[in-house]
Amino acid sequence: MNNNEDFYTVRGYEILGKKKKMLSHSMEDYLEMIYRNSLEKGYVRINTLAESLNVQAPSATKMVQKLTRLGLLKYEKYGIIKLTPAGEKIGRFLLERHETIEDFLKLIGVKEKLLVNVELIEHNVTEGALAKIKILNSFFKSYPEIFEKFKEYSISHIEDSS
Ligand code: FE2
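The text that follows walks through the structure, step by step, so that each part is easy to find. (Residues numbered from 1 in each chain as written. Predicted model: local features only at pLDDT ≥ 70, side-chain atom pairs only at ≥ 80, totals over all residues. Heavy atoms only, no water.)

Another aspect to go through is the packing of helix H2 (residues 25–38) against helix H4 (residues 57–69). Interhelical geometry of H2 versus H4 gives an angle of 95° and a closest axis separation of 11 Å. What the angle tells us is that H2 and H4 run roughly perpendicular. From H2, Ser26, Met27, Tyr30 and Leu31 reach across to H4, where they touch Ser59, Ala60, Met63, Lys66 and Leu67. Residue composition of the contact of H2 with H4, grouped by class: six nonpolar, two polar and one charged. (Axes fitted to C-alpha atoms, helices over the stretch in contact; angles between N-to-C directions. Helix = DSSP H or I, 4+ residues; strand = E, 2+ residues; numbered from the N terminus. Parallel < 35°, antiparallel > 145°, perpendicular 65-115°, else oblique. Contact = heavy atoms within 4.5 Å. Nonpolar A, V, L, I, M, F, W, Y, C, P; charged D, E, K, R; others polar.)

With that out of the way, let us pick up the coordination of the iron ion. Protein-derived ligands of the iron ion are Glu32 (OE), Glu32 (OE), His98 (ND1), Glu122 (OE) and Glu122 (OE), with the metal-ligand distances lying across 2.2 to 2.7 Å. Written as a sequence motif, the donor residues of the iron ion are E-x65-H-x23-E. One end of the pair, Glu32, is in helix H2; the other, His98, is in helix H5 (residues 85–107), and 66 residues separate them in sequence. A relative accessible area of 5% places Glu32 in the buried class. (Donors = N, O, S within 2.8 Å, 3.2 Å for Na, K, Ca; no water. Buried < 20%, exposed > 50% of the residue type's maximum accessible area, 1.4 Å probe, protein only.)

These results come straight from atomic positions and should not be treated as a statement about function.
Below, the structure is given as structure tokens:
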């Protein structure tokens, strides 16, 4: 079975969008982590993946098989997992989304349970809202003096927020 070629066609993006909609939160977590872990060597081992996701190897294997059937991964022998071009695109999107939300929460001063918040938001945020958050992040970075004002304002209102 090889439907990976589909992604090289002009309809590639359309198909990719559909695949993205089919992913559960947990599938998204896996793809994000596989992408993160393959940045260096271009692959990740099933054991490393299970460890970094804090799951048992058999559940990781199950999920990897699912994602392989969706055409997002290639599961090679010796427990080596590689992303297909489609999987790589979605993985990159998921990692960027994670980083955008994390940057945003840091910028607005969230320190407590930062990663828990990132995880809760990233799976539910719409692409439209994500794009707006990206703009706000880069606005704050482009205008440090306004960001400073925001921080002062934020600190002076700290009693009001819980
Ligand atoms: Fe994440």
